[in-house]
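Remarks on the overall topology
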Amino acid sequence: RFTLDGVAVDADAFRRAAIDPSRSVVVDACSGSGKTTLLVARIVRALLEGAEPDQVLAVTFTRLAAHEMRERLAATRRAMSLDD
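A brief structural summary. (Residues numbered from 1 in each chain as written. Predicted model: local features only at pLDDT ≥ 70, side-chain atom pairs only at ≥ 80, totals over all residues. Heavy atoms only, no water.)

Moving on, we get to the overall build of the chain. When helices and strands are counted, the chain shows three helices and two strands. Its helices and strands taken in sequence order, the chain reads β-β-α-α-α from the N to the C terminus. Taken along the three principal axes of its C-alpha coordinates, the chain extends 40 × 30 × 20 Å. Residues counted as buried form 20% of the 84 residues belonging to the chain. Considering only contacts in the chain between residues 6 or more positions apart, those separated by 24 or more positions represent 40%. (Helix = DSSP H or I, 4+ residues; strand = E, 2+ residues; numbered from the N terminus. Buried < 20%, exposed > 50% of the residue type's maximum accessible area, 1.4 Å probe, protein only. Contact = heavy atoms within 4.5 Å.)

Pairs of packed helices are described in terms of their axes, by the angle between the two and the distance that separates them. One way to put it is that helix α1 (residues 11–18) packs onto helix α2 (residues 35–48) with a least axis distance of 9 Å and a crossing angle of 50°. Overall, the two elements α1 and α2 adopt an arrangement that is oblique. Where α1 approaches α2, its residues Phe 14, Arg 15, Arg 16, Ala 17 and Ala 18 are matched on the opposing element by Leu 38, Ala 41, Arg 42 and Arg 45. For the contact of α1 with α2, the residue count by class is five nonpolar, no polar and four charged. (Axes fitted to C-alpha atoms, helices over the stretch in contact; angles between N-to-C directions. Parallel < 35°, antiparallel > 145°, perpendicular 65-115°, else oblique. Nonpolar A, V, L, I, M, F, W, Y, C, P; charged D, E, K, R; others polar.)

Now for the packing of aromatic side chains. For any two aromatic rings, the description comes down to two numbers: the centre-to-centre distance and the angle of the planes. For the structure on display, the rule yields one aromatic pair. A centroid spacing of 5.4 Å and a plane angle of 40° characterise the contact between Phe 2 and Phe 14, whose relative ring orientation is tilted. Here Phe 2, found in strand β1 (residues 2–4), pairs with Phe 14, found in helix α1; they are twelve residues apart in sequence, far enough to count as distant. (Phe/Tyr/Trp six-rings, centres within 6.5 Å; stacked < 30°, edge-to-face > 60°.)

Pasting the structure below:
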């Protein structure tokens, strides 16, 4: 079940809102539901919209999750040719 501003929405509408860096969002979901993918997409979108890398802060609860986010972000940046 997805809600946005207290209203039920479909998964696509929620995803679009969640990766929009101009919005504040909370994603509460079980493991394996795609939270890391969503967060990486949000970071990439923020960078594409002009955020500097040192303006981005992502908090996670484990080193493994932090490593996974870092690896996914690096792979996405390479695929998009954003890295030098």
